[in-house]
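A look at the structure
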Amino acid sequence: MKIVVVGTRGIPNILGGVETHCEELYPRLARLGYDITLIRRSCYVSPDNKLDNYMGVKIKDIYAPKMKSIEAILHTFLSILYAKKVKADILHVHAIGPSLLVPFAKLLGLKVVITHHGPDYDRQKWGRMAKLILRLGEKMGAKFSDEVIVISKVIEDSLRIYGRGNHLHLIYNGVNRPHKTLSKDYITSLGLLDKKYIVSLGRFVEEKGFDYLINAFERAGFSEYKLVIAGDADHETSYSKHLKEEARERGVILTGFIKGEKLNELMSHAALFVLPSFHEGLPIALLEAISYRLDVLVSDIPANKQVVLPQDSFFHVGEVDELTSKLRYKLSEGVHEVRYNLAPYNWDKISSQVADVYQHLESA
């Protein structure tokens, strides 16, 4: 069965939750015997990341301008034409922005699966018109695709208005169980000490709430700890520039986008993980943190509350005073491991569930 994947910036080693999802999912589906072609946006492909195959997944680079207003929609249009050209059995579209063109794909005779990763129209970076278009993308994807995958119960409940019944599938994001490292070379190079820093990670966009975290950490007054934020901006904005400037002025360590051994080392030796987001689908960053058995502190948005955490792990979203108070509480009680239930977030189980969706559609 030939599957063409669109909606992601690309894999491997490209920043983003959808990108991490695809990087884990599709090699497993390739091992199950599926013919997978994943289409990358050319503007995210660096000279050292040019390849035509990744762990059994065929890679196709198609033009996309690095402009947030038209990047996804233009790339999706060109990718749908490519999927038709290569006679894909199924087109798998990720995220609601690209899902705007699901009716076009259906007009070309393609069978379409979408994965809804979260209501992107809630993100602060989008203006009124963009939010309306994203809501329309959600509607077009939910109504006209053959099968709809959602990564959280919150999203599943919100889409029931479209009456998709048995065509709506709840399949979570996943996480790998890490092999913690004893190495400290990378954190030492950053000026960090074992269990003496707080870590957060994500894109430098307003809805991640990093400015609130920086403010609360400074007010908490634990000078023996440092704050580390791993990530960067896809598109440099006035917010991301201000965030970086504020971080430098307040002694916050910014690592940039890291994966692999550097991220493993950073997570292995952290004292606490904090996620102050205003918006998430089902955050892979949080799943990664709990896979390291880190104590966590997260905003009480519905997506975060779906992950079963101790009650003292939550604070009211956007409340700097409460975040400050909870940081003081967490750091004063000392560093300790927390064991979480990771059973629902097993990537092998998830790939099998997605394969079931493909088989159901192919036999329909």
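Moving on to the overall build of the protein chain. Tallying secondary structure elements over the protein chain gives 13 helices and 14 strands in all. Projected onto the principal axes, the alpha-carbon positions of the protein chain cover approximately 60 × 40 × 40 Å. Going through the 364 residues of the protein chain one by one, you find that 56% of them count as buried. Long-range pairs, those at least 24 residues apart, make up 67% of the contacts in the protein chain with a sequence separation of at least 6. Taken as two groups, the 48 positive and 44 negative side-chain charges of the protein chain have centres that lie 5 Å from each other.

The buried count for strand β9 (residues 197-201) comes to five of five residues, which makes it a mostly enclosed element. Of the two faces of β9, both are covered, the one formed by Y197, V199 and L201 as well as the one formed by I198 and S200. Taken together, β9, helix α7 (residues 210-220) and strand β10 (residues 226-230) constitute a β-α-β crossover, and its handedness is right-handed. Sheet topology places β9 next to strand β12 (residues 272-275); two bridges connect them, and they run parallel. By the bridge assignment, I198 is partnered in β12 with L272.

Glancing now at the side chain of H235. Here H235 is to be found in the loop between β10 and α8 (238-249). What makes H235 buried here is its relative accessible area of 18%. One polar contact links H235 to Y44, side chain to side chain, over a distance of 3.3 Å. If we skip the residues at most four places from it in the chain, H235 touches Y44, K66, M67, K68, E71 and S240.

With that out of the way, let us pick up the packing of helix α1 (residues 17-31) against helix α13 (residues 347-363). A pair of packed helices is characterised by two quantities: the angle between their axes and the separation of those axes. Contact pair α1 / α13: the axes reach a minimum separation of 9 Å and the direction vectors enclose 70°. Taken together, the axes of α1 and α13 are roughly perpendicular relative to one another. The element α1 and its partner α13 pack so that their crossing is right-handed. Only W347, D348, I350, S351, V354, A355 and Y358 of α13 make contact with α1, whose side of the interface consists of H21, E24, L25, Y26, R28 and L29. By residue class, the composition of the contact of α1 with α13 is eight nonpolar, two polar and three charged.

Another aspect to go through is the side chain of H75. Structurally, H75 is set in helix α2 (residues 71-85). Within the structure, the side chain of H75 is placed 2.9 Å from the backbone oxygen of R40, a separation counted as a polar contact. Beyond its immediate sequence surroundings of up to four residues, H75 is in contact with V6, I39, R40, R41, I62, Y63 and A64.

Bringing α13 into the picture now. Along its 17 residues, α13 runs 24 Å from first to last C-alpha, staying within 8% of the 24 Å computed at 1.5 Å per residue. On its buried face, α13 is in contact with β1 (2-6), α1, β5 (90-94), β6 (112-116), β7 (147-150) and β8 (168-170). With a side-chain oxygen lying 2.9 Å from the backbone nitrogen of D348, the N-terminal cap of α13 falls on N346.

Turning to the pattern of salt bridges, a few remarks are in order. Taken as a whole, this structure holds 24 salt bridges when the rule is applied. Between E19 and R9 there is a salt bridge whose closest N-O contact spans 3.1 Å. Of this pair, E19 sits in helix α1 while R9 sits in the loop between β1 and α1, and the two are 10 residues apart along the sequence. Classification of R9 by relative accessible area gives buried; the value is 11%. In this structure, the salt-bridge partner of D234 is R9, at a minimum N-O distance of 2.6 Å. Here the residue D234 occupies a position in the loop between β10 and α8, and R9 occupies one in the loop between β1 and α1, the gap between them amounting to 225 residues. Of the two residues, D234 and R9, neither departs from the other in class, the shared state being buried. Beyond isolated ion pairs, a larger network of salt bridges with shared partners links R9, E19, R203 and D234.

Attention now goes to the sheet that holds β7. What the eight strands build is an open sheet, ordered β3-β4-β2-β1-β5-β6-β7-β8; its pairing is mixed. What marks the edges here is a single partner per strand, and that holds for β3 (53-54) and β8. Sitting on the sheet, α2 is in contact with β1, β2 (35-41), β4 (57-62) and β5, with an inclination near 150° to β2.

In this section: the sheet that holds strand β13 (residues 296-299). Taken together, the six strands give an open sheet; going across it, the order is β11-β10-β9-β12-β13-β14, and neighbouring strands pair in parallel fashion. Edge strands, defined here as strands with exactly one partner in the open sheet, are β11 (253-256) and β14 (314-315). Where β13 lies against β14, two bridges are found, and the strand directions are parallel. Paired with S299 across the two strands is F315, which belongs to β14. Lying on the sheet, α7 is in contact with β9, β10 and β12; it crosses β10 at an angle near 170°.

Conventions and cut-offs
- Residues numbered from 1 in each chain as written.
- Predicted model: local features only at pLDDT ≥ 70, side-chain atom pairs only at ≥ 80, totals over all residues.
- Heavy atoms only, no water.
- Helix = DSSP H or I, 4+ residues; strand = E, 2+ residues; numbered from the N terminus.
- Buried < 20%, exposed > 50% of the residue type's maximum accessible area, 1.4 Å probe, protein only.
- Contact = heavy atoms within 4.5 Å.
- Lys, Arg positive; Asp, Glu negative; His and termini not counted.
- Charge placed at Lys NZ, Arg CZ, Asp CG, Glu CD.
- Right-handed = clockwise from strand over helix to strand, strands pointing away.
- Pairing = 2+ DSSP bridges.
- Polar contact = N/O pair within 3.5 Å; in protein donor to acceptor, adjacent residues only side chain to side chain.
- Axes fitted to C-alpha atoms, helices over the stretch in contact; angles between N-to-C directions.
- Parallel < 35°, antiparallel > 145°, perpendicular 65-115°, else oblique.
- Left-handed = near helix turned anticlockwise from the far one by under 90°.
- Nonpolar A, V, L, I, M, F, W, Y, C, P; charged D, E, K, R; others polar.
- Expected span 1.5 Å × (residues − 1).
- Salt bridge = Lys/Arg side-chain N within 4 Å of Asp/Glu carboxyl O.

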